[in-house]
Amino acid sequence: MSERYVPPAFECPLGPAWAGSSVNASAFRCEGLLTVGDKQVGAFYDPDGDVVVFRRDLATGEIARTRLPCGGPGDLPWDAHRSISLGVDGQGAIHLAYGAHASAVKLLKGEPQLALSGFTATRPGLERITHSVTYPSFVRLGDPARLALVYREGVPDGGALRVRHYDEAEGRWVDPREPLLDGRGHRNSSGPYFNRPVALDDGTVCAFLVWRLRLPDSAGDAVVNVGLDLAAFRGETLERVETLSGFALPRPAGPLHTERVAAVPFASELMNQAGAAVDPDGWPAAVTWWRHTAVGVPQIRLIYRRNGAWQISNVSAFTTDFTLSGTGTLPLPHSRPALLFAPDGRALVVFRSAEYGGRLVAVVLEPDDRSFYVARETAVLCSFDLGYYEPVIDNHAWHSRGQLSMFVQSCAQRVGDDPGPDLRSAECSVIEWDRRALLDG
């Protein structure tokens with residue numbers, strides 16, 4: 001397949017960022033970059049391990065920022081799970097969730113109207129959600145906007161998926177006590193790993209997920225991800241767990257309840273926490289990767305709904321074999337992919353790969369069968385090696401402004417999130433590409 005370099009339409013340097021791990025550039029930052037009206041907000045760790053929150057005026061390009069101290073030299077974010085997610089509530093206050101890996105989560109709230117001042121810990125009601133949190137993700141619901149926080153509680157093979165809602169009047173997170181999904185308490189304990197949650201037009205929040213198992217007879221650190229499944233959360237506070245078609249599931253639902261959308265064989269290197277989006281027809285879709293039995297190495301797959309059934313298309317032709325076995329974050333040859341849809345139904349899959357020299361690339365898939373093998377070319381977005389970067393995309397900018405807007409930086413990643421003498425600092429930027437240039441050349 002031929003390559004086509006697509007030059008950026010805009011680049012905004014943000015300064016030096018922490019680069020000793022992929023904590024700033026992980027696929028499960030929800031959100032890492034966000035357009036709200038005529039402003040864009042984002043956050044990242046700097047080389048000292050402190051949190052930088054920034055706001056960009058889309059009309060003038062002016063950048064404002066604030067720095068939130070997070071500790072000393074002994075508290076550097078080597079662990080990529082400790083990534084920063086941000087959300088914005090109905091009053092325009094920025095919320096941050098960060099610093100957690102099966103541990104306490106730091107939850108801060110700024111002042112209204114996207115102010116970068118007054119960040120304080122959200123007040124009590126947090127006791128039950130600060131002890132064993134991983135992957136905190138914000139979801140904005142309804143109009144006027146209400147903010148929800150989705151996260152995993154527990155450990156990889158013994159966890160639950162919970163949701164909390166921010167009560168703006170009382171200034172606290174409301175605790176419904178019962179998780180939405182729970183893999184604990186079964187004969188073989190498991191934990192849910194969810195892709196980026198996506199909201200449908202009717203307020204339903206969908207989460208594609210895998211269940212992480214630790215089988216009694218599995219060897220060493222073998223990772224067994226089972227799926228790919230889908231759960232639909234409905235109701236004013238997402239209190240109902242259902243299939244996509246509306247069949248009611250128990251709450252909490254377990255691995256025997258959630259809807260299977262792709263029956264991936266065991267030991268197929270099925271990836272957890274990849275991309276998801278809603279297509280122009282209103283259906284949720286996902287991208288992830290698992291081993292292609294015919295080719296013998298993991299390939300990116302697009303899972304989407306058509307004619308009343310789930311379809312699977314291949315999105316790559318990789319030749320590199322690898323395994324997910326091990327603990328912590330792994331330095332893998334490909335990033336987890338991100339997914340976007342154009343209004344005409346074309347799918348854009350964005351990823352970084354060692355087979356492309358560590359560059360950031362995108363593949364445009366036509367709406368007929370969305371197959372890699374009929375894609376015209378690969379669009380090269382960044383012509384330099386990004387190390388172990390994963391796409392951090394402003395999804396709102398894609399839909400509201402027609403821009404692929406991304407937080408971009410090079411970064412290292414050692415096996416298991418261990419500290420090391422690798423790259424510690426790299427320049428970071430917001431880079432944007434025009435949607436028409438990406439899709440039509």
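Thresholds, definitions, all that
Residues numbered from 1 in each chain as written. Predicted model: local features only at pLDDT ≥ 70, side-chain atom pairs only at ≥ 80, totals over all residues. Heavy atoms only, no water. Helix = DSSP H or I, 4+ residues; strand = E, 2+ residues; numbered from the N terminus. Buried < 20%, exposed > 50% of the residue type's maximum accessible area, 1.4 Å probe, protein only. Contact = heavy atoms within 4.5 Å. Areas by Shrake-Rupley, 256 points an atom, 1.4 Å probe, with all protein chains shown as cover. Pairing = 2+ DSSP bridges. Axes fitted to C-alpha atoms, helices over the stretch in contact; angles between N-to-C directions. Polar contact = N/O pair within 3.5 Å; in protein donor to acceptor, adjacent residues only side chain to side chain. Phe/Tyr/Trp six-rings, centres within 6.5 Å; stacked < 30°, edge-to-face > 60°. Lys NZ or Arg CZ within 6 Å of the ring centre and 35° of its normal. 1 Å grid on protein atoms, 1.4 Å probe; cavity = no way out; pocket = protein on both sides within 12 Å on 5 of 7 lines; lining within 4 Å. Points joined across faces, edges and corners; volume = space filled by probe spheres on them. Nonpolar A, V, L, I, M, F, W, Y, C, P; charged D, E, K, R; others polar. Core = buried A, V, L, I, M, F, W, Y, C linked by side-chain atoms within 4.5 Å. Salt bridge = Lys/Arg side-chain N within 4 Å of Asp/Glu carboxyl O.

1. Brief notes about the overall build of the protein chain
Moving on, step 1. When you go through the protein chain residue by residue, the secondary structure sums to 2 helices and 32 strands.
Moving on, step 2. The buried share among the 441 residues of the protein chain stands at 61%.
Moving on, step 3. Considering only intrachain contacts with a sequence separation of at least 6, the fraction spanning at least 24 residues in the protein chain is 57%.
Moving on, step 4. Summing over all exposed atoms, the protein chain offers an accessible surface of approximately 16400 Å²; the carbon and sulfur share of this is 51%.

2. A closer look at the sheet that holds strand β1 (residues 2-5)
Moving on, step 1. One open sheet accounts for 5 strands, arranged β1-β29-β28-β27-β26; its pairing is mixed. In the strand order of this sheet, the two ends are held by β1 and β26 (338-341), each with one partner. If you compare each strand with its neighbour and ignore which way they point, the axes differ by 30° on average.
Moving on, step 2. Here 4 bridges tie β1 to strand β29 (residues 377-382), and the two strands are oriented parallel to one another.

3. A closer look at the side chain of threonine 378
Moving on, step 1. For threonine 378, the position within the fold is in strand β29.
Moving on, step 2. Since its relative accessible area comes to 1%, threonine 378 is described here as buried.
Moving on, step 3. Separated by 3.5 Å, the side chains of threonine 378 and tyrosine 356 make a polar contact.

4. Remarks on the packing of aromatic side chains
The relative placement of two aromatic rings is captured by the distance of their centres and the angle of their planes.
Moving on, step 1. By the definition in use, this model includes 11 aromatic pairs.
Moving on, step 2. Residues tryptophan 18 and tryptophan 78 carry aromatic rings whose centres are separated by 4.8 Å and whose planes lie at 85° to one another, so their mutual orientation is edge-to-face. Of this pair, tryptophan 18 sits in strand β2 (residues 10-18) while tryptophan 78 sits in the loop between β6 (63-68) and β7 (85-88), and the two are 60 residues apart along the sequence.
Moving on, step 3. Look at tryptophan 18 and you get buried, because its relative accessible area is 0%.
Moving on, step 4. A connected cluster of aromatic rings, assembled from ring pairs, spans Phe28, Tyr135 and Tyr193.
Moving on, step 5. The ring of phenylalanine 407 has arginine 29 sitting right over it, with the charged end atom 5.9 Å from the ring centre.
Moving on, step 6. In this structure, arginine 305 packs its charged tip against the face of tryptophan 283, placed 5.7 Å from the ring centre.

5. Focus on the environment of serine 335
Moving on, step 1. Along the chain, serine 335 turns up in the loop between β25 (309-314) and β26.
Moving on, step 2. Along the backbone, serine 335 and valine 350 are 15 residues apart, and their C-alpha atoms lie at a distance of 9.2 Å.
Moving on, step 3. In contact with serine 335, other than residues within four places in its own chain, are Trp289, Phe351, Arg352, Tyr389, Glu390 and Pro391.

6. A word on empty space enclosed by the protein
Moving on, step 1. The tally for this structure, following the rule as stated, stands at 3 cavities of 30 Å³ or more.
Moving on, step 2. Here the largest cavity defines a volume of roughly 180 Å³.
Moving on, step 3. In this structure, the largest cavity is lined by 17 residues; those nearest its centre are Ala27, Arg196, Ala338, Pro391 and Asn395.
Moving on, step 4. Elements with a minimum of two residues in the lining of the largest cavity: β22 (275-278), β26 and β30 (392-393).
Moving on, step 5. Along the lines of polarity and charge, the residues of the lining of the largest cavity split into 9 nonpolar, 4 polar and 4 charged.
Moving on, step 6. As for the second largest cavity, its lining consists of Ala27, Phe28, Arg29, Cys30, Tyr135, Ser137, Phe194, Asn195, Arg196, Pro197, Gln273 and Ala274.
Moving on, step 7. Class assignment of the residues belonging to the lining of the second largest cavity gives a composition of 7 nonpolar, 3 polar and 2 charged.

7. A few points about the nonpolar core
Moving on, step 1. Ranked by size, the top nonpolar core spans 40 residues in total, and within it Leu181, Phe208, Leu228 and Phe233 carry the most contacts.
Moving on, step 2. Elements that contribute at least two residues to this core include exactly β11 (133-141), β12 (146-155), β13 (158-167), β16 (190-194), β18 (205-213), β19 (224-234) and β23 (284-291).
Moving on, step 3. Element by element, the count of residues in this core is highest for β18, at 7 residues.
Moving on, step 4. When residues no more than four places from it in sequence are discounted, the contact partners of leucine 228 are Phe208, Leu209, Val210, Glu259, Arg260, Val261, Ala262, Val264, Leu270, Ala286 and Ile303.
Moving on, step 5. Membership of the second largest hydrophobic core comes to 38 residues, among which are Ala19, Phe54, Leu340 and Leu439.

8. Regarding the sheet that holds strand β5 (residues 51-57)
Moving on, step 1. Read from one edge of the open sheet, 4 strands run β3-β4-β5-β6, paired in antiparallel fashion. Taken across any chain shown, the strands that pair with only one partner, and hence form the sheet edges, are β3 (33-36) and β6. Within this sheet the neighbouring strands show an average axis-to-axis angle of 20°, counted without direction.

9. Section: the layout of surface pockets
Moving on, step 1. Counted as a void, the largest pocket has a volume near 730 Å³.
Moving on, step 2. Val198, Ala199, Val278, His396 and His399 are, among the 28 residues lining the largest pocket, the residues nearest its centre.
Moving on, step 3. Secondary-structure elements contributing two or more residues to the lining of the largest pocket are β7, β11, β17 (198-199), β22, β26 and α1 (395-401).
Moving on, step 4. Across the lining of the largest pocket, the residue classes tally to 17 nonpolar, 6 polar and 5 charged.

10. So, the side chain of aspartate 57
Moving on, step 1. Tracing the backbone shows aspartate 57 in strand β5.
Moving on, step 2. Within the structure, aspartate 57 has its side chain in polar contact with the backbone nitrogen of threonine 60 (distance 3.1 Å).
Moving on, step 3. Other than its neighbours up to four places away in sequence, aspartate 57 contacts Asp38, Lys39 and Glu62.

11. Overview of the pattern of salt bridges
Moving on, step 1. Per the stated rule, a full pass over the model turns up 25 salt bridges.
Moving on, step 2. Note that aspartate 182 and arginine 184 form a salt bridge whose closest N and O atoms lie 2.9 Å from each other.
Moving on, step 3. The buried category is assigned to aspartate 182, whose relative accessible area is 13%.
Moving on, step 4. Within this structure, Asp46, Asp48, Asp50 and Arg67 form a network of salt bridges that share partners.

12. Details of the environment of glutamate 269
Moving on, step 1. When you line up the elements, glutamate 269 lands in the loop between β21 (259-260) and β22.
Moving on, step 2. Overall, glutamate 269 belongs to the buried group, its relative accessible area being 13%.
Moving on, step 3. Residues glutamate 269 and valine 297, spaced 28 residues apart in sequence, show a C-alpha to C-alpha distance of 9.0 Å.
Moving on, step 4. There is a polar contact of 3.4 Å between the side chain of glutamate 269 and the side chain of arginine 291.

On their own, these measurements won't tell you what the molecule is for.
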